[in-house]
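Structure assessment
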Number of protein chains: 2
Amino acid sequence: MYDELKYWYLRDHKLFLTLNMSQIKQLCIISGFKTAKKGEVIYFSSSDLPRIYLLKKGNIKIVSVDEEGNETIKEIIQKGDLFGELSLENDGDVNEYAKVLTDEVSICSFLLSDFEDLLVRNPSLALSYTKFVGLKMKRFKNNYSNLVSKDARTRLISFIKDWAEREGIQEGKKYTISNYLTQTDIAQIICTSRQTATLLLNELEEKNLIYYNRKEITIEDISKL
Amino acid sequence: MYDELKYWYLRDHKLFLTLNMSQIKQLCIISGFKTAKKGEVIYFSSSDLPRIYLLKKGNIKIVSVDEEGNETIKEIIQKGDLFGELSLENDGDVNEYAKVLTDEVSICSFLLSDFEDLLVRNPSLALSYTKFVGLKMKRFKNNYSNLVSKDARTRLISFIKDWAEREGIQEGKKYTISNYLTQTDIAQIICTSRQTATLLLNELEEKNLIYYNRKEITIEDISKL
DNA sequence: CTCCGTTTGTAAACTACCCGACAATTCTTT
DNA sequence: AAAGAATTGTCGGGTAGTTTACAAACGGAG
């Protein structure tokens, strides 16, 4: 029964569609499963054996810390996303951790070495996986160029739009997002100070473009944003 | 003879070490080879069939252009590096091109589809390639965080250090780089305005940390930089 | 219901960097 | 050698965004 559960979790991830039943079962045997609560840190680069994680429920943030203790949010991980040592190599120098944002999350994980074995034995999975990593990279590049050429307001707006389209509930032009981020989080994502983020959010609210509170964000008309 | 040349070019790239002779020959048959001169544009995303390129001689820059025509240098490609549709998927929306920086470059290329075939038939190559893409991503993330938390001066210094270590000629603590970049290029790489880059470079020179001219850059003592 | 930690709101001083404008220098071409 | 093009140097004015600092509001724990 418990194994069945894990099986199911992997099965419905798009990356594993190319695998047949027995291959999935094989990966399931080696996979671990756990849940965690809000605020917990569930992953630390440069600790333990390198692993790949699959988030099944909830949301987490990947935070990286530089030498001076500066924290930036690298990524928001959602249900169905992979995270961890995705580049298949544990990098000593990069320091990052994953923190739970929602009330509860469930994740399953497997050792990097086991995953590598599977990739070698399944070339087409390796190919899909490479494309997957490539896609991640592309998304990064995109953020990167936003940071360079756009101002904080534009970055905030495009983040909100993105968020809404990704996991908001749509009713015509109206989107409702269940908000698990603080304004500090949002500021760190769009790379600005908390004060600027607050200012801009209130500004958008004054113009009736969005309605913001701690529980949810409503976008009246996404085309006007 | 000509085929032999191409064979050699692929053979000495670290990524292709796992392939045996016949596999390399196979890739060689499908690979194209050409040279180009300074200023030429040799690659354009969203044109032609998607390809992967291997730079054999010289240097090129990958420039991306956003909607407003803003140009940023994404990457400097050096001898031995791969570029092109590395993520194995041609992205319609991203607009980038490659321009030759040195007097002459020679490159070889192969179709993405052919490369994919090869990957599927060579699982260990697929794995190496995935790690390779992962590494690229990591380097990106690093630049990205520099952009966020460091000021222009720090970014310039870390770029120069990087450059020196990557391709400078070392004599003790002294490094000499053959300079194929204009100050405008450098500015675009570290994401600042040309004026600021000029200012900072002159400042470093006044402090005798570097000696700069159009042909070469000398770092007196890299540990003091 | 009250208390306390977290999150949000607001204001003023300060600054790194951008932008425009123009001059000076160096390389290229003829 | 001279003209033209590209690159580099320099100067203020303007500003988006940071930083510091404090007050207000919210929300969970007891």
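Above this text you will find the structure in question.
Residues numbered from 1 in each chain as written. Chains lettered and ligands numbered in written order. Predicted model: local features only at pLDDT ≥ 70, side-chain atom pairs only at ≥ 80, totals over all residues. Heavy atoms only, no water.

Focus on the protein's contact with DNA strand D
How we decide: Residues are counted as near a molecule or strand when any one of their heavy atoms sits within 4 Å of it. In protein, a polar contact requires one atom able to donate a hydrogen and another able to accept it; more generally it is a pair of N or O atoms within 3.5 Å, and residues adjacent in sequence count only if both atoms are side-chain atoms. Put simply, DSSP marks the helices as runs of H or I at least four residues long and the strands as runs of E at least two long, and each gets a number from the N terminus on. Under the scheme applied, nonpolar residues are Ala, Val, Leu, Ile, Met, Phe, Trp, Tyr, Cys and Pro; charged residues are Asp, Glu, Lys and Arg; polar residues are all the others, including Gly.
Around DNA strand D there are 15 residues in total, and Ala152(A), Gln195(A), Thr196(A), Gln183(B) and Arg194(B) lie nearest to it. Taking the atoms of DNA strand D that fall within 4 Å of the protein, sugar and phosphate contribute 60% of them. A distance of 2.7 Å separates a phosphate oxygen of DNA strand D from a polar atom in the backbone of Gln183(B). Separating a phosphate oxygen of DNA strand D from a side-chain N or O atom of Asn202(B) is a distance of 3.3 Å. Only helix H7 (194–206) of chain A together with helix H7 (194–206) of chain B provide two or more residues apiece to the surface near DNA strand D. Looking at side-chain class alone, the surface near DNA strand D contains 2 nonpolar, 9 polar and 4 charged residues.

Some details on the sheet that holds strand E11 (residues 210–212) of chain A
All names here are of chain A. Definition in use: Each pair of strands is called paired provided DSSP finds at least two bridges between the two strands. Every angle, taken between N-to-C directions, lies between 0 and 180 degrees, and every axis is a line fitted to C-alpha atoms, over only the stretch in contact when it is a helix. Any pair of residues with heavy atoms lying within 4.5 Å of one another is described as a contacting pair.
If you trace the 4 strands from one edge of the open sheet to the other, you get E9-E10-E12-E11, paired in antiparallel fashion. Because the sheet does not close on itself, it has two edges, and the strands there are strand E9 (169–171) and E11. Each strand of the sheet is rotated relative to its neighbour by a mean of 15°, with strand direction disregarded. Where strand E10 (residues 174–178) meets strand E12 (residues 216–219), 4 bridges bridge the pair, whose relative direction is antiparallel. Note that in E12 the partner of Thr 176 across the bridge is Thr 218. On the sheet, helix H5 (residues 152–167) packs against E9, E10, E11 and E12 and is oriented at approximately 85° with respect to E10.

With respect to the packing of aromatic side chains
Put simply, the test is: Whether two aromatic rings pair depends on their centres lying within 6.5 Å, for rings of Phe, Tyr and Trp, where Trp uses its six-membered ring; planes under 30 degrees apart make the pair stacked, over 60 edge-to-face, and the rest tilted. When accessible area is computed with a 1.4 Å probe and restricted to protein chains, residues below 20% of their type maximum are described as buried, those above 50% as exposed, and intermediate ones as partly exposed.
For the coordinates displayed, the defined rule picks out 14 aromatic pairs over all chains. Taking the centre distance of 5.7 Å and the plane angle of 75° together, the rings of Trp163(B) and Tyr180(B) count as edge-to-face. Taken as a pair, Trp163(B) in helix H5 (residues 152–167) and Tyr180(B) in the loop between strand E10 (174–178) and helix H6 (183–189) lie far apart in primary sequence, 17 residues in all. Residue Trp163(B) is classed as buried on the basis of its relative accessible area, which comes to 4%. Here Tyr180(B) falls in the buried class, since its relative accessible area comes to 12%. Grouped by ring-pair contacts, the aromatic residues Phe110(A), Phe115(A), Tyr129(A) and Phe132(A) constitute a single cluster.

Concerning the environment of Lys136(B)
Mapping Lys136(B) onto the fold places it in helix H4 (residues 123–149). Classification of Lys136(B) as buried rests on a relative accessible area of 10%. For the pair Lys136(B) and Leu86(B), spaced 50 residues apart in sequence, the C-alpha to C-alpha distance is 9.7 Å. With near-sequence residues (within four places) excluded, Lys136(B) lies in contact with Met137(A), Glu75(B), Ile77(B), Leu82(B) and Leu86(B).

A closer look at the pattern of salt bridges
Put simply, the rule is: We count a salt bridge whenever a side-chain nitrogen from Lys or Arg sits within 4 Å of a carboxyl oxygen from Asp or Glu.
Under the counting rule described, the total for this entry stands at 14 salt bridges over all chains. In this structure, Lys61(B) engages Asp185(B) in a salt bridge whose closest nitrogen and oxygen atoms are separated by 2.8 Å. With Lys61(B) in strand E4 (residues 60–65) and Asp185(B) in helix H6, this pair connects stretches of sequence that are 124 residues apart. For the pair shown, Lys61(B) and Asp185(B) are each scored as buried. Through salt bridges with shared partners, a single network forms among Lys37(A), Lys57(A) and Glu104(A).

Considering the relation of the copies chain A and chain B
Stated precisely, the cut-off is as follows: The copies were overlaid by least squares, fitting only the C-alpha atoms of residues that reach a pLDDT of 70 or more in each copy.
Once chain A is rotated about the relating axis by 180° and shifted along it by 0.2 Å, it coincides with chain B to within an RMSD of 0.1 Å. What the superposition gives is, in effect, a two-fold axis relating one chain to the other. A symmetric contact is evident, with 100% of the interface residues of chain A recurring at the interface of chain B.

Looking at the nonpolar core
Operational definition: To define a nonpolar core, start from buried Ala, Val, Leu, Ile, Met, Phe, Trp, Tyr and Cys residues and group those joined through side-chain atoms within 4.5 Å.
Ranked by internal contacts, the top residues of the largest apolar core, which has 48 residues, are Ile52(A), Tyr129(A), Ile52(B) and Tyr129(B). For this core, the secondary structure elements donating two or more residues are strand E3 (51–57), strand E8 (104–111), helix H3 (112–121) and helix H4 (123–149) of chain A together with strand E3 (51–57), strand E8 (104–111), helix H3 (112–121) and H4 of chain B. Setting aside residues up to four positions removed in sequence, Tyr129(B) forms contacts with Thr130(A), Leu15(B), Ile52(B), Leu82(B), Leu86(B), Leu88(B), Phe115(B) and Leu119(B).

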